[in-house]
Amino acid sequence: MSADTTNTAAGSYIETSTPGTITWINVGGGNVNWSTATNWDLNRAPTNGDIVLIPNTGGSTCLMDVDATVAGLVIGECAGSGSDGLNLNGHILEVDGPITVKSNAVFAITSGTLLGNSNTIIGGVLGWTAGTLGGTFTIATNSTLLMTGTTHPMANTLLTNNGTVAWSGGGIAGGGIPGTLIYNNGLWDSQGDLGMYGGYGGNSIVFNNAGTFRKSAGTGQTVFGFTGVFLNNTGNLDAQTGVIALQDGGNFTGGTATNLNGIVQLAGGNFTVNGTITTTNVQMVGGFLTGTNVFTNGFNWAGGDWNTASPVTIAPNTLLLMTGGGYHAMENRSEERRVGKECRSRW
């Protein structure tokens with residue numbers, strides 16, 4: 001194998017020549033285990049100081065048969081000729097540095113646990129159909145996490161997305177102590193009627209959206225909630241179809257939710273809307289409005305309680321729809337309609 005340069009999210013490695021790297025050569029015969037020394041160019045299994053390179057040898061997938069910790073992981077070759085691949089096989093792999101999946105190579109979590117730390121930057125395309133993510137991960141710009149299959153456990157995980165999360169199958173279960181923190185700075189695309197929930201108790205899930213959270217498929221609901229999922233939105237909520245349902249509260253302090261087709265639904269928990277440009281396809285159907293609120297452009301109040309909100313301001317040129325068959329609770333509250341330009345309420 002030639003000494004090609006492998007570009008990663010945090011530097012360059014030289015295959016077969018960079019100090020600290022170990023390369024899968026797959027000459028163990030029928031034994032394709034990670035722990036088999038003859039399957040590696042250094043005639044030993046990887047250790048926690050190694051950057052692991054798994055190129056295309058034309059052989060079989062590397063099968064983890066032990067738990068392991070490594071300094072970095074590169075799946076595939078620089079020439080884009082694919083990789084033998086890696087199967088966690090129910091084991092724990094901790095990667096304390098960048099994970100790079102080269103073009104035409106495939107790496108998917110189908111069982112076991114992938115752990116990361118503050119240096120773990122994912123470059124390329126990582127698949128996740130089953131198994132667990134834990135620790136700290138960053139998805140690099142122009143990189144993708146494909147979430148398919150069944151439930152995706154991520155208790156006590158900090159995930160930062162600067163690329164794309166394509167979420168087309170399985171719920172997201174978070175929580176625990178300290179809990180699950182998600183920072184979306186890129187695109188998080190819900191490609192179906194899906195949900196995230198606090199399946200591990202504790203501090204549950206806090207989803208911080210500074211990029212775009214999109215629902216691009218499914219006529220039902222993509223749910224933030226069940227047992228504790230709180231949204232902090234300073235970015236764009238883009239409901240292209242169906243409903244983005246917030247069942248456990250949220251803060252809207254910037255960005256937009258100017259949906260023309262789908263609906264953003266405030267369904268339960270405590271909400272503050274102050275700084276986000278919305279339309280009447282943003283509907284409050286339950287929960288409580290709290291703190292200082294300023295509605296800009298449009299809003300639909302179909303249910304829920306405004307008794308703890310103070311004050312509520314309807315900005316100029318803003319339409320507030322008061323719909324639904326129930327009582328609109330706003331005891332001891334002040335509603336301000338800024339004068340000088342048109343402000344409208346309709347019920």
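What comes next is a walk through the structure. These numbers were taken from a predicted model, which means no experiment stands behind them.

### Points about the packing of aromatic side chains
For the coordinates displayed, the defined rule picks out nine aromatic pairs. Note on Phe-213 and Phe-224: the rings are 4.9 Å apart at their centroids and 65° apart in plane angle, and the pair reads as edge-to-face. Taken together, the positions of Phe-213 in strand β25 (residues 212-217) and Phe-224 in strand β26 (residues 221-224) put the pair eleven residues apart, joining distant regions of the chain. Among the aromatic residues, ring-to-ring pairing joins Trp-188, Phe-207, Phe-213 and Phe-224 into one connected group.

### Considering the pattern of salt bridges
Counted under the stated rule, the structure contains three salt bridges. With a shortest N-O distance of 2.7 Å, Arg-44 and Asp-50 are connected by a salt bridge. Given the relative accessible area of 30%, Arg-44 is considered partly exposed.

### Details of the environment of Thr-313
You can see Thr-313 is positioned in strand β38 (residues 309-314). Linking Thr-313 and Asn-274, residues 39 residues apart in sequence, is a C-alpha distance of 9.1 Å.

### Thoughts on the environment of Glu-94
Topologically, Glu-94 is positioned in strand β9 (residues 92-95). Through-space distance from the C-alpha of Glu-94 to that of Asp-67 is 8.3 Å; in sequence the pair is 27 residues apart. Residues within four places of Glu-94 in sequence aside, it is in contact with Ala-68, Thr-69, Val-70 and Leu-115.

### Digging into unusual backbone geometry
With an omega dihedral of 15°, the bond running from Ile-177 to Pro-178 counts as a cis peptide bond. Turning to its location among the elements, Pro-178 is positioned in the loop between β20 (172-173) and β21 (180-184). The phi torsion at Asn-26 lies on the positive side, around 55°, for a residue other than glycine. Assignment of secondary structure puts Asn-26 in the loop between β3 (21-23) and β4 (51-54). Here Asn-26 falls in the buried class, since its relative accessible area comes to 13%. With a phi angle near 70°, Asn-104 is a residue other than glycine that sits in the positive phi range.

### Focus on the nonpolar core
When a protein is soluble and globular, its nonpolar side chains tend to lie buried together. Counting residues in hydrophobic clusters, the biggest one holds 68 residues, and the most contacted among them are Trp-34, Leu-73, Leu-86, Leu-93, Leu-114, Trp-188 and Leu-266. Ignoring sequence-local partners within four residues, the contact set of Leu-114 consists of Leu-88, Leu-93, Val-95, Ile-99, Ile-109, Leu-126, Thr-132, Leu-133, Gly-134 and Phe-137.

### Comments concerning the pairing of strand β36 (residues 291-296)
Bridging between strand β33 (residues 270-278) and β36 involves two bridges; their strand directions are parallel. Each bridged residue has a counterpart across the sheet, and for Asn-274 the counterpart in β36 is Val-294. In this sheet, β38 lies alongside β36 in parallel orientation, the contact comprising four bridges. Residue Val-294 lies in a different strand from β38, and its bridge partner there is Thr-313.

Rules and cut-offs
Residue positions are given per chain, counting from 1 as you read along its sequence in written order. Given that the model is predicted, a residue must reach a pLDDT of at least 70 before its local features are reported, and side-chain atom pairs must reach 80 or more before they are shown or counted; all residues, however, enter totals for whole chains, interfaces and linings. Remark: hydrogens and water are excluded; side-chain values derive from all non-hydrogen atoms of the structure. Pairs were defined over the aromatic rings of Phe, Tyr and Trp, the Trp ring being its six-membered one, requiring ring centres within 6.5 Å. Orientation was assigned from the angle between planes: stacked under 30 degrees, edge-to-face over 60, tilted for the rest. Only DSSP runs of H or I reaching four residues or more are called helices, and only runs of E reaching two or more are called strands; each is numbered from the N terminus. Within this document, salt bridges are pairs made up of a side-chain nitrogen of Lys or Arg and a carboxyl oxygen of Asp or Glu, the two lying within 4 Å of each other. The cut-offs for exposure are 20% and 50% of the maximum accessible area for each residue type, with area from a 1.4 Å probe on protein chains only; residues under the lower value are buried, those over the upper are exposed, and the others partly exposed. Contacts are assigned to residue pairs with any non-hydrogen atoms lying within 4.5 Å of each other. In this text, buried Ala, Val, Leu, Ile, Met, Phe, Trp, Tyr and Cys residues form a nonpolar core when linked through side-chain atoms within 4.5 Å. Pairing between strands is defined by DSSP: at least two bridges between the two strands are required.

That's the geometry; what it means functionally is another story.
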